[in-house]
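Notes for the structure review
The primary structure of each chain is shown beneath.
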Amino acid sequence: MMRATRRLSKTKRFLLDHPYCCFCGGAELATTIDHVPPKACFPEGHSPEEFEFPACEQCNGESRRDDQLFGFYAQLLDFNESNRTPADVAKITKLRDSISHNFPDALPDASTARPVYNVGSVITPSPLAIEVRTPSLFREPIETLERKLTHALYYRETGRALSKTHSFLSEFYQPQGSSDVLTKYLVGLLPDKTIGGRSNVKNYGERFGYRSGWKEVEDFFMYIAQFGKGLIVWGIVLGPNTKISESANYLRARPWRKAGCREKVPETWGEDFVDSPNTTD
Ligand SMILES: [Zn+2]
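A short tour of the structure in this document, coming up. Here the structure is a predicted model, which means the values were calculated and not measured. (Residues numbered from 1 in each chain as written. Predicted model: local features only at pLDDT ≥ 70, side-chain atom pairs only at ≥ 80, totals over all residues. Heavy atoms only, no water.)

Contact geometry of helix H3 (residues 64-76) with helix H5 (residues 139-158) gives a least axis separation of 8 Å together with a crossing angle of 100°. Put simply, H3 runs roughly perpendicular to H5. Of the residues in H5, those touching H3 at Arg65, Asp66, Leu69 and Phe70 are Glu140, Pro141, Ile142, Thr144 and Leu145. Looking at the contact of H3 with H5 residue by residue, the class counts come to 5 nonpolar, 1 polar and 3 charged. (Axes fitted to C-alpha atoms, helices over the stretch in contact; angles between N-to-C directions. Helix = DSSP H or I, 4+ residues; strand = E, 2+ residues; numbered from the N terminus. Parallel < 35°, antiparallel > 145°, perpendicular 65-115°, else oblique. Contact = heavy atoms within 4.5 Å. Nonpolar A, V, L, I, M, F, W, Y, C, P; charged D, E, K, R; others polar.)

For the structure shown, the criterion picks out 10 aromatic pairs. Plain terms: the ring middles of phenylalanine 51 and phenylalanine 208 are 5.3 Å apart, the flat faces sit at 85° to each other, and that makes the pair edge-to-face. With phenylalanine 51 in the loop between strand S1 (32-35) and strand S2 (52-55) and phenylalanine 208 in strand S11 (residues 208-215), this pair connects stretches of sequence that are 157 residues apart. Considered together, phenylalanine 51 and phenylalanine 208 belong to a single accessibility category, that of buried residues. Chaining the aromatic ring pairs together yields one cluster made of Phe51, Phe70, Phe208, Tyr210 and Phe227. Here the basic side chain of lysine 148 rests over the ring of phenylalanine 23, its NZ or CZ set 4.8 Å away from the ring centre. Positioned above the aromatic ring of phenylalanine 51 is the side chain of arginine 156, whose terminal nitrogen or guanidinium carbon lies 4.4 Å from the ring centre. (Phe/Tyr/Trp six-rings, centres within 6.5 Å; stacked < 30°, edge-to-face > 60°. Buried < 20%, exposed > 50% of the residue type's maximum accessible area, 1.4 Å probe, protein only. Lys NZ or Arg CZ within 6 Å of the ring centre and 35° of its normal.)

The next point concerns the coordination of the zinc ion. For the zinc ion, the protein coordination sphere consists of Cys21 (SG), Cys24 (SG), Cys56 (SG) and Cys59 (SG), at 2.2 to 2.4 Å. For the zinc ion, the 4 donor atoms in the first shell make angles of 100 to 119° at the metal, a pattern classed as tetrahedral. Considered as a linear motif, the donors of the zinc ion on their single chain read C-x2-C-x31-C-x2-C. Remark: cysteine 56 occurs in the loop between S2 and helix H2 (57-61) and cysteine 21 occurs in the loop between helix H1 (2-17) and S1; sequence separation between them is 35 residues. Each of the two residues, cysteine 21 as well as cysteine 56, counts as buried. (Donors = N, O, S within 2.8 Å, 3.2 Å for Na, K, Ca; no water. Tetrahedral: all angles 85-135°; square planar, octahedral: opposite > 155°, others 65-115°.)

Our next topic: the pattern of salt bridges. Inspection of the entire model under this criterion finds 13 salt bridges. For arginine 65, the salt bridge goes to aspartate 66, with nearest N and O atoms at 2.8 Å. On the basis of relative accessible area, arginine 65 is assigned to the partly exposed category, the value being 26%. The class for aspartate 66 is buried, based on a relative accessible area of 6%. (Salt bridge = Lys/Arg side-chain N within 4 Å of Asp/Glu carboxyl O.)

Structural data, given as structure tokens:
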């Protein structure tokens, strides 16, 4: 009984400090605490408290399936052996069982498995890993994660919710071989190293970390986040008066989304969405 009371007051206290949902424009009253990254990315009991965000019922509830699927794939793609504790393995097994029961089409297709013999330009005589085609159903969980992570990190770093006059771009890739060049490039673009005197590099064990920067006057925000050693998600936010320069063709051609709403990526985009962004056409 005491426990339940304390839990309730903790939520209430949190919502007093954060009255508005940070995912749908900042005008809707928050009634719940949402976890971004989702709890499914971490072993049981390890969900980081500092990644709690105010959310309305709809924003929190509508991503439940995608949260579960993203957590499963983020852990599956993580080749950091130190993230393979018994608690991690138990969580992955639990997620897999739950997904195979509720969304069987979302599990990796074992019939597409093929051995992988190289890391970048290094070729090995025996397979290093097994590659499995990611089912197309992974598109929605990653889009949801990208959108929620962009809104959450902007809120966390600036203290403001993204509004519908902001636009954002977010993409993901697996950090292998030549993609590391892109990681260095993105980190190099970050406008600031610290915000308000505190470090803006946050790590949660080896499972999640991010770097970000914000130019307040231009309202330009950028982040790069890493899930274990398997997945990198990055994003850029532009305020209403900030434009991408005419010469930045790569950025201009990307699928920008309107912030503060639950808009999906346009349907025409998607054929190449599993490629790393530095792939040449
Ligand atoms: Zn909302």
